[in-house]
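# Structural description and commentary
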Amino acid sequence: MHEHCPSCDVRYEVEPGFFYGAMYISYAFTVGIMLVGGILVFNFLNDPPAEGYVVPITTVSLLLVPANFRTARVLFIHWFSGLKYDPSAAAKHENS
Ligand SMILES: [Zn+2]
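Everything numeric in this text was worked out from a predicted model, so none of it was measured.

Here is what the cut-offs are and how they apply
Residues numbered from 1 in each chain as written. Predicted model: local features only at pLDDT ≥ 70, side-chain atom pairs only at ≥ 80, totals over all residues. Heavy atoms only, no water. Patch = residues over 30% accessible without salt bridge, like charges linked within 9 Å, V, L, I, M, F, W, Y side chains within 5 Å. Areas by Shrake-Rupley, 256 points an atom, 1.4 Å probe, with all protein chains shown as cover. Salt bridge = Lys/Arg side-chain N within 4 Å of Asp/Glu carboxyl O. Helix = DSSP H or I, 4+ residues; strand = E, 2+ residues; numbered from the N terminus. Buried < 20%, exposed > 50% of the residue type's maximum accessible area, 1.4 Å probe, protein only. UniProt positions renumbered as here; feature names shortened; annotations may be inferred. Phe/Tyr/Trp six-rings, centres within 6.5 Å; stacked < 30°, edge-to-face > 60°.

### Some thoughts on a nonpolar patch on the surface
- A contiguous nonpolar surface patch, about 430 Å² in accessible area, is contributed by Val36, Leu40, Phe44 and Leu45.
- Along the chain, the position of Leu40 falls in helix 1 (residues 22-44).
- What makes Leu40 partly exposed here is its relative accessible area of 44%.

Below, the structure is given as structure tokens:
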């Protein structure tokens, strides 16, 4: 992840450890992925033994880690950083 926005140079991590809170959002995503995965396995694989749940759900969860990580940070910075979208910020950065 970039430390500053490549377009407008805003610093993403507004204070040290700012993104620790994003782990809670990431956790919620992972729980949702596992619940949906469990329901899908139950319905489409006819309620297999425990390994039949663990292997596909763990695989899908691990494959989605990069998307999960970034989406959680994007949501966290939008909800809690106090940064607001400024359409002219990129132009201001180019002029300075
Ligand atoms: Zn920017």
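Text resumes after the structure shown.
### Quick notes on the UniProt feature "transmembrane region" (unreviewed entry) in the chain
- UniProt records the feature "transmembrane region" (unreviewed entry) at residues 24-45 and 52-69, using the numbering of this structure.
- Counted over residues 24-45, helix gives 95% and strand 0%. Its end C-alpha atoms are 31 Å apart.
- With 94% helix and 0% strand, the stretch residues 52-69 has end C-alpha atoms that lie 26 Å from each other.

### Section: the packing of aromatic side chains
- This structure, assessed with the given rule, holds four aromatic pairs.
- Measuring from ring centre to ring centre gives 5.0 Å for Phe18 and Phe76, while their planes differ by 55°; the resulting arrangement is tilted. Here Phe18 is found in the segment before helix 1, whereas its partner Phe76 is found in helix 3 (residues 65-80), with 58 residues between them in sequence. In this pair, the class of Phe18 matches that of Phe76, namely buried.

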